[in-house]
Amino acid sequence: MINDTDFVTAFIGLGSNLDQPAEQLVTARQTIAALPNIEETGFSSLYRNPPMGPQDQPDYVNAVMAIKTSLPAIDLLHQLQAVEQSQGRVRTGERWGARTLDLDLLLYGDRQIEVPDLTVPHIGIAERAFVLYPLYEIAPDLSIPGFGKLTNLIAKCPKNDLHRLP
Ligand code: ROI
(Lines give C-alpha, C1' and ligand atoms only; values in the text may rest on other atoms or scores of the structure.)
Protein backbone atom coordinates (compact mmCIF):
# COMPACT_ATOMS: atom_id res chain seq x y z
CA MET A 1 0.00 0.00 0.00
CA ILE A 2 1.14 3.49 -0.83
CA ASN A 3 0.64 6.02 1.93
CA ASP A 4 -2.14 8.46 1.02
CA THR A 5 -0.06 11.48 2.02
CA ASP A 6 2.66 11.09 -0.57
CA PHE A 7 1.12 9.62 -3.67
CA VAL A 8 0.08 11.32 -6.86
CA THR A 9 -2.57 10.16 -9.32
CA ALA A 10 -1.05 9.91 -12.78
CA PHE A 11 -2.46 8.93 -16.17
CA ILE A 12 -0.58 6.94 -18.77
CA GLY A 13 -1.49 6.73 -22.46
CA LEU A 14 -0.83 3.34 -24.05
CA GLY A 15 -0.60 2.78 -27.80
CA SER A 16 0.51 0.00 -30.16
CA ASN A 17 0.12 -0.83 -33.83
CA LEU A 18 2.48 -3.80 -34.24
CA ASP A 19 2.69 -7.43 -33.09
CA GLN A 20 -0.84 -7.90 -31.74
CA PRO A 21 -1.50 -4.42 -30.37
CA ALA A 22 -4.27 -5.36 -27.93
CA GLU A 23 -2.04 -7.97 -26.30
CA GLN A 24 0.83 -5.50 -26.13
CA LEU A 25 -1.42 -3.19 -24.10
CA VAL A 26 -2.62 -5.97 -21.80
CA THR A 27 0.97 -7.05 -21.12
CA ALA A 28 2.09 -3.47 -20.50
CA ARG A 29 -0.79 -2.95 -18.07
CA GLN A 30 0.24 -6.00 -16.05
CA THR A 31 3.90 -4.97 -16.04
CA ILE A 32 3.16 -1.41 -14.95
CA ALA A 33 0.71 -2.52 -12.25
CA ALA A 34 3.39 -4.82 -10.81
CA LEU A 35 6.07 -2.10 -10.57
CA PRO A 36 7.15 -1.06 -7.09
CA ASN A 37 5.57 2.17 -5.83
CA ILE A 38 2.76 2.01 -8.39
CA GLU A 39 -0.85 0.92 -7.92
CA GLU A 40 -3.35 0.70 -10.74
CA THR A 41 -6.53 2.64 -10.00
CA GLY A 42 -8.23 2.53 -13.40
CA PHE A 43 -7.97 1.24 -16.95
CA SER A 44 -10.09 2.28 -19.92
CA SER A 45 -11.47 0.10 -22.67
CA LEU A 46 -9.18 -0.54 -25.63
CA TYR A 47 -9.90 1.61 -28.68
CA ARG A 48 -8.97 0.81 -32.28
CA ASN A 49 -8.30 3.85 -34.44
CA PRO A 50 -6.44 4.93 -37.58
CA PRO A 51 -2.92 6.35 -37.27
CA MET A 52 -2.47 9.99 -36.60
CA GLY A 53 0.40 11.16 -38.78
CA PRO A 54 1.77 8.97 -41.57
CA GLN A 55 -1.04 6.79 -42.95
CA ASP A 56 1.14 3.98 -44.34
CA GLN A 57 1.07 2.04 -41.06
CA PRO A 58 -1.47 -0.24 -39.35
CA ASP A 59 -4.32 1.00 -37.15
CA TYR A 60 -3.50 1.62 -33.51
CA VAL A 61 -5.01 0.27 -30.34
CA ASN A 62 -5.01 2.89 -27.58
CA ALA A 63 -6.04 2.97 -23.93
CA VAL A 64 -5.47 5.04 -20.80
CA MET A 65 -4.38 3.76 -17.39
CA ALA A 66 -4.75 5.56 -14.05
CA ILE A 67 -2.25 4.87 -11.29
CA LYS A 68 -1.28 6.23 -7.96
CA THR A 69 2.39 6.42 -7.36
CA SER A 70 5.01 7.69 -4.96
CA LEU A 71 7.58 7.94 -7.76
CA PRO A 72 8.74 11.36 -8.90
CA ALA A 73 7.54 12.10 -12.45
CA ILE A 74 10.96 11.64 -14.05
CA ASP A 75 11.45 8.26 -12.35
CA LEU A 76 8.00 7.20 -13.51
CA LEU A 77 8.94 8.22 -17.07
CA HIS A 78 12.10 6.12 -16.90
CA GLN A 79 10.13 3.13 -15.62
CA LEU A 80 7.70 3.51 -18.53
CA GLN A 81 10.58 3.72 -21.00
CA ALA A 82 11.98 0.49 -19.56
CA VAL A 83 8.61 -1.20 -20.10
CA GLU A 84 8.60 0.02 -23.73
CA GLN A 85 12.07 -1.47 -24.17
CA SER A 86 11.04 -4.76 -22.57
CA GLN A 87 8.28 -5.08 -25.18
CA GLY A 88 10.63 -4.66 -28.08
CA ARG A 89 10.30 -0.96 -28.74
CA VAL A 90 13.08 0.09 -31.05
CA ARG A 91 13.63 3.79 -31.40
CA THR A 92 14.55 4.12 -35.07
CA GLY A 93 14.64 7.88 -35.07
CA GLU A 94 11.78 7.80 -37.56
CA ARG A 95 9.24 10.33 -36.38
CA TRP A 96 5.70 9.06 -35.93
CA GLY A 97 6.40 5.56 -37.24
CA ALA A 98 4.77 2.27 -36.24
CA ARG A 99 5.58 0.93 -32.79
CA THR A 100 5.01 -2.14 -30.63
CA LEU A 101 4.43 -0.04 -27.52
CA ASP A 102 4.23 3.62 -26.75
CA LEU A 103 3.71 4.76 -23.16
CA ASP A 104 3.07 8.45 -22.61
CA LEU A 105 2.98 10.12 -19.23
CA LEU A 106 -0.15 12.18 -19.87
CA LEU A 107 -0.79 13.72 -16.46
CA TYR A 108 0.99 13.75 -13.12
CA GLY A 109 -1.41 15.04 -10.48
CA ASP A 110 -2.16 18.67 -11.22
CA ARG A 111 1.45 19.41 -12.05
CA GLN A 112 2.81 21.18 -15.10
CA ILE A 113 6.30 19.93 -15.84
CA GLU A 114 8.73 21.20 -18.45
CA VAL A 115 12.15 19.54 -18.31
CA PRO A 116 14.35 18.36 -21.20
CA ASP A 117 12.83 14.86 -21.61
CA LEU A 118 9.39 15.43 -20.20
CA THR A 119 6.46 17.74 -20.80
CA VAL A 120 3.37 17.23 -18.64
CA PRO A 121 0.52 17.50 -19.50
CA HIS A 122 1.58 15.59 -22.59
CA ILE A 123 1.85 17.67 -25.78
CA GLY A 124 -1.17 17.13 -27.99
CA ILE A 125 -3.34 15.77 -25.18
CA ALA A 126 -6.10 18.25 -26.03
CA GLU A 127 -6.49 17.26 -29.70
CA ARG A 128 -6.18 13.49 -29.59
CA ALA A 129 -9.45 11.59 -29.54
CA PHE A 130 -7.54 8.39 -28.71
CA VAL A 131 -6.39 10.04 -25.47
CA LEU A 132 -9.42 12.16 -24.52
CA TYR A 133 -12.17 9.54 -24.89
CA PRO A 134 -10.43 6.76 -22.92
CA LEU A 135 -9.47 9.34 -20.28
CA TYR A 136 -13.08 10.45 -20.06
CA GLU A 137 -14.16 6.86 -19.55
CA ILE A 138 -12.12 6.53 -16.34
CA ALA A 139 -11.96 10.16 -15.10
CA PRO A 140 -14.96 12.12 -16.42
CA ASP A 141 -14.56 14.96 -13.90
CA LEU A 142 -10.92 15.65 -14.69
CA SER A 143 -9.50 19.10 -15.34
CA ILE A 144 -6.25 19.25 -17.25
CA PRO A 145 -3.74 21.83 -16.01
CA GLY A 146 -3.44 24.58 -18.62
CA PHE A 147 -6.22 23.12 -20.81
CA GLY A 148 -9.33 23.15 -18.64
CA LYS A 149 -12.13 20.69 -18.19
CA LEU A 150 -11.92 17.36 -19.97
CA THR A 151 -15.61 17.62 -20.90
CA ASN A 152 -14.90 20.88 -22.78
CA LEU A 153 -11.97 19.33 -24.63
CA ILE A 154 -14.10 16.34 -25.60
CA ALA A 155 -16.82 18.63 -26.92
CA LYS A 156 -14.28 20.13 -29.35
CA CYS A 157 -12.71 16.83 -30.41
CA PRO A 158 -14.68 14.66 -32.83
CA LYS A 159 -14.59 10.96 -32.06
CA ASN A 160 -14.22 10.12 -35.77
CA ASP A 161 -12.96 6.57 -36.29
CA LEU A 162 -12.34 5.67 -32.66
CA HIS A 163 -13.91 2.28 -31.97
CA ARG A 164 -14.17 0.74 -28.52
CA LEU A 165 -13.15 -2.90 -28.64
CA PRO A 166 -15.51 -5.44 -27.03
N1 ROI B 1 -1.90 7.43 -33.88
C2 ROI B 1 -2.79 6.78 -33.12
N3 ROI B 1 -4.02 6.60 -33.59
N4 ROI B 1 -2.48 6.33 -31.88
C5 ROI B 1 -1.24 6.50 -31.36
O6 ROI B 1 -1.00 6.07 -30.22
C7 ROI B 1 -0.29 7.17 -32.12
N8 ROI B 1 0.95 7.39 -31.64
C9 ROI B 1 1.86 8.04 -32.34
C10 ROI B 1 1.57 8.58 -33.71
C11 ROI B 1 2.55 7.97 -34.69
C12 ROI B 1 1.72 10.09 -33.67
N13 ROI B 1 0.24 8.28 -34.16
C14 ROI B 1 -0.66 7.64 -33.39
O15 ROI B 1 3.04 8.26 -31.81
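Residues numbered from 1 in each chain as written. Predicted model: local features only at pLDDT ≥ 70, side-chain atom pairs only at ≥ 80, totals over all residues. Heavy atoms only, no water.

Student: Just checking my understanding: could you explain the site of the ligand for this structure?
Tutor: Residues in contact with the ligand, as listed here, are Asn49, Pro50, Pro51, Met52, Tyr60, Asn62, Trp96, Arg99, Asp102 and Phe130. In the model, an oxygen atom of the ligand is placed 3.2 Å from a nitrogen or oxygen of the Arg99 side chain. Burial of the ligand by the protein amounts to 95% of the accessible area it has alone, namely 350 Å². (Near = heavy atom within 4 Å. Polar contact = N/O pair within 3.5 Å; in protein donor to acceptor, adjacent residues only side chain to side chain. Areas by Shrake-Rupley, 256 points an atom, 1.4 Å probe, with all protein chains shown as cover.)

Student: It is not clear to me how the packing of aromatic side chains should be interpreted in this structure. Could you clarify?
Tutor: How two aromatic rings sit relative to each other is given by the distance of their centres and the angle of their planes. With the rule as written, the count across this model stands at zero aromatic pairs. One Lys or Arg, Lys68, reaches over the ring of Phe7 and ends 4.5 Å from the middle of that ring. (Phe/Tyr/Trp six-rings, centres within 6.5 Å; stacked < 30°, edge-to-face > 60°. Lys NZ or Arg CZ within 6 Å of the ring centre and 35° of its normal.)

Student: Is there a simple way to think about the nonpolar core in this case?
Tutor: One recurring pattern in soluble globular proteins is that nonpolar side chains are buried together. Judged by nonpolar contacts, the single largest core of 27 residues is most densely connected at Ile12, Leu14, Ile32, Ile67, Leu76, Leu103 and Leu105. Of all the secondary structure elements, the ones that give two or more residues to this core are strand E1 (8-16), helix H1 (21-33), strand E2 (38-43), strand E4 (60-69), helix H2 (73-86), strand E5 (102-108) and strand E7 (118-120). The element contributing the most residues to this core is H2, with five residues. Look past the residues within four positions of Leu76 in its chain and what remains in contact with it is Ala10, Ile38, Ile67, Thr69, Leu71, Leu105 and Tyr108. (Core = buried A, V, L, I, M, F, W, Y, C linked by side-chain atoms within 4.5 Å. Buried < 20%, exposed > 50% of the residue type's maximum accessible area, 1.4 Å probe, protein only. Helix = DSSP H or I, 4+ residues; strand = E, 2+ residues; numbered from the N terminus. Contact = heavy atoms within 4.5 Å.)

Student: How should I be thinking about the environment of Leu46 in this particular structure?
Tutor: With respect to the helices, strands and loops of the structure, Leu46 is situated in the loop between E2 and strand E3 (47-49). Other than its neighbours up to four places away in sequence, Leu46 contacts Ala22, Leu25, Val61, Asn62, Ala63, His163, Arg164 and Leu165.

Student: Is there a simple way to explain the pairing of E4 in this structure?
Tutor: Residues in a regular strand project their side chains so that they alternate between the two faces of the sheet. E4 sits mainly inside the fold: 10 of its 10 residues count as buried. Burial along E4 is two-sided: Tyr60, Asn62, Val64, Ala66 and Lys68 and Val61, Ala63, Met65, Ile67 and Thr69, pointing in opposite directions, are all buried. In this sheet, E4 lies alongside E1 in antiparallel orientation, the contact comprising nine bridges. From the neighbouring strand, Gly15 faces E4, where its bridge partner is Asn62. Where E3 lies against E4, three bridges are found, and the strand directions are antiparallel. The residue of E4 that forms the bridge with Arg48 is Val61. (Pairing = 2+ DSSP bridges.)

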